[in-house]
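Below, each chain spelled out in residue letters.
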Amino acid sequence: AAAAAAAAAAGGSLPRGKRSATQPAPLAPSQTSGWGGREFVSPAGVPILVGRNRKENEQLSLRVAREPDVWMHVRGVPGAHVLLQMSRVKGKAPPAEACLQMAADLAAFYSEARDERKALVTYA
């Protein structure tokens, strides 16, 4: 394992089928081939989709979202719908706190609450 870590640190690659302890879990094949909105990757490697307008918000909520994805929106103000795509992560682990925080931060940033000190984010 030490040799693999040293090779990765030196710009090499890990042996096929091996992951370092800090490397995120691999993603399942993309299920969002028609997605044209914003896309980010959380600290754990989970895709986060952010709608840019009403059409994309509806697409996220009605067509893209599925179990166990986490949907977010800032309560009481216009803004983006955000989807933490847990369905694209292999395995059934719950979302990490850092992933939830990043998705909530994106929901606040892409809303009319952007300049507020705090924003209440609803999630489902």
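Our subject is the structure listed above.
None of the values given here were measured: they were computed from a predicted structure.

## Looking at the overall build of the protein chain
Here's step 1: Along the backbone of the protein chain there are 3 helices and 5 strands.
Here's step 2: For the protein chain, with 124 residues in total, the buried portion stands at 31%.
Here's step 3: Counting only contacts in the protein chain whose residues sit at least 6 apart along the sequence, the fraction spanning at least 24 positions is 52%.
Here's step 4: As displayed, the protein chain offers around 8200 Å² of accessible surface, 53% of which is attributable to carbon and sulfur atoms.

## Observations regarding the nonpolar core
Here's step 1: Val46, Ile48, Val50, Met72, Val82, Leu84 and Ala103 are the most contacted members of the largest nonpolar core, which has 18 residues in total.
Here's step 2: Only β2 (47-50), β3 (70-74), β4 (82-84) and α3 (97-109) provide two or more residues apiece to this core.
Here's step 3: Ranked by residue count, the leading element in this core is α3, at 6 residues.
Here's step 4: The next biggest cluster of nonpolar side chains, apart from the first, holds 5 residues, and it includes Trp35, Leu60, Val64 and Leu83.

## Examining the sheet that holds β3
Here's step 1: Spatially, β1-β2-β4-β3-β5 is the arrangement adopted by the 5 strands of the open sheet, whose pairing is antiparallel. Lying at the two open borders of the sheet, with one neighbouring strand each, are β1 (38-41) and β5 (121-123). Each adjacent strand pair in this sheet contributes to an overall mean axis angle of 25°, direction not counted.
Here's step 2: In this sheet, β5 lies alongside β3 in antiparallel orientation, the contact comprising 3 bridges. Paired with Val74 across the bridge in β5 is Val121.

## Comments concerning α3
Here's step 1: An ideal rise of 1.5 Å per residue puts 18 Å on 13 residues; α3 measures up with 18 Å between its terminal C-alpha atoms.
Here's step 2: Those residues of α3 that are buried lie in contact with β1, β2, β3, β4 and β5.

## Here we look at helix α2 (residues 54-64)
Here's step 1: Residues Glu56, Asn57, Gln59, Leu60 and Val64 constitute the buried set of α2. Axial view of α2: buried residues confined to an arc of 160°, hence all on one face. Exposed and oriented more than 90 degrees from the buried face of α2 are Arg54, Lys55 and Leu62.
Here's step 2: In this fold, the buried residues of α2 make contact with β2 and β4.
Here's step 3: The opening residue of α2, the one whose side-chain oxygen lies 3.2 Å from the backbone nitrogen of Lys55, is Asn53.

## Section: the pairing of β1
Here's step 1: As paired elements, β1 and β2 share 4 bridges and run antiparallel to each other. Paired with Arg38 across the strands is Val50, a residue of β2.
Here's step 2: Here β1 folds back onto β2 in antiparallel fashion, the turn holding 5 residues, of which Gly45 has a positive phi close to 90°.

## A look at the environment of Val64
Here's step 1: Its place among the elements puts Val64 in helix α2.
Here's step 2: Taking the C-alpha atoms as reference, Val64 lies 8.7 Å from Leu83; in sequence the two are 19 residues apart.

## So, the packing of aromatic side chains
Here's step 1: The final tally for this structure, using the stated rule, is 2 aromatic pairs.
Here's step 2: Summarising the aromatic geometry, the rings of Phe40 and Tyr110 are spaced 6.2 Å apart at their centres and angled 40° between planes, so their arrangement reads as tilted. Of this pair, Phe40 sits in strand β1 while Tyr110 is found in the loop between α3 and β5, placing the two residues 70 residues apart along the sequence.
Here's step 3: Aromatic pair Phe109 and Tyr110: ring centres 4.9 Å apart, planes at 90°, arrangement edge-to-face.
Here's step 4: By relative accessible area, Phe109 is classed as partly exposed at 39%.
Here's step 5: Ring pairs connect the aromatic residues Phe40, Phe109 and Tyr110, which therefore count as one cluster.

About the thresholds
Residues numbered from 1 in each chain as written. Predicted model: local features only at pLDDT ≥ 70, side-chain atom pairs only at ≥ 80, totals over all residues. Heavy atoms only, no water. Helix = DSSP H or I, 4+ residues; strand = E, 2+ residues; numbered from the N terminus. Buried < 20%, exposed > 50% of the residue type's maximum accessible area, 1.4 Å probe, protein only. Contact = heavy atoms within 4.5 Å. Areas by Shrake-Rupley, 256 points an atom, 1.4 Å probe, with all protein chains shown as cover. Core = buried A, V, L, I, M, F, W, Y, C linked by side-chain atoms within 4.5 Å. Pairing = 2+ DSSP bridges. Axes fitted to C-alpha atoms, helices over the stretch in contact; angles between N-to-C directions. Expected span 1.5 Å × (residues − 1). Arc of directions from axis to C-beta. Polar contact = N/O pair within 3.5 Å; in protein donor to acceptor, adjacent residues only side chain to side chain. Phe/Tyr/Trp six-rings, centres within 6.5 Å; stacked < 30°, edge-to-face > 60°.

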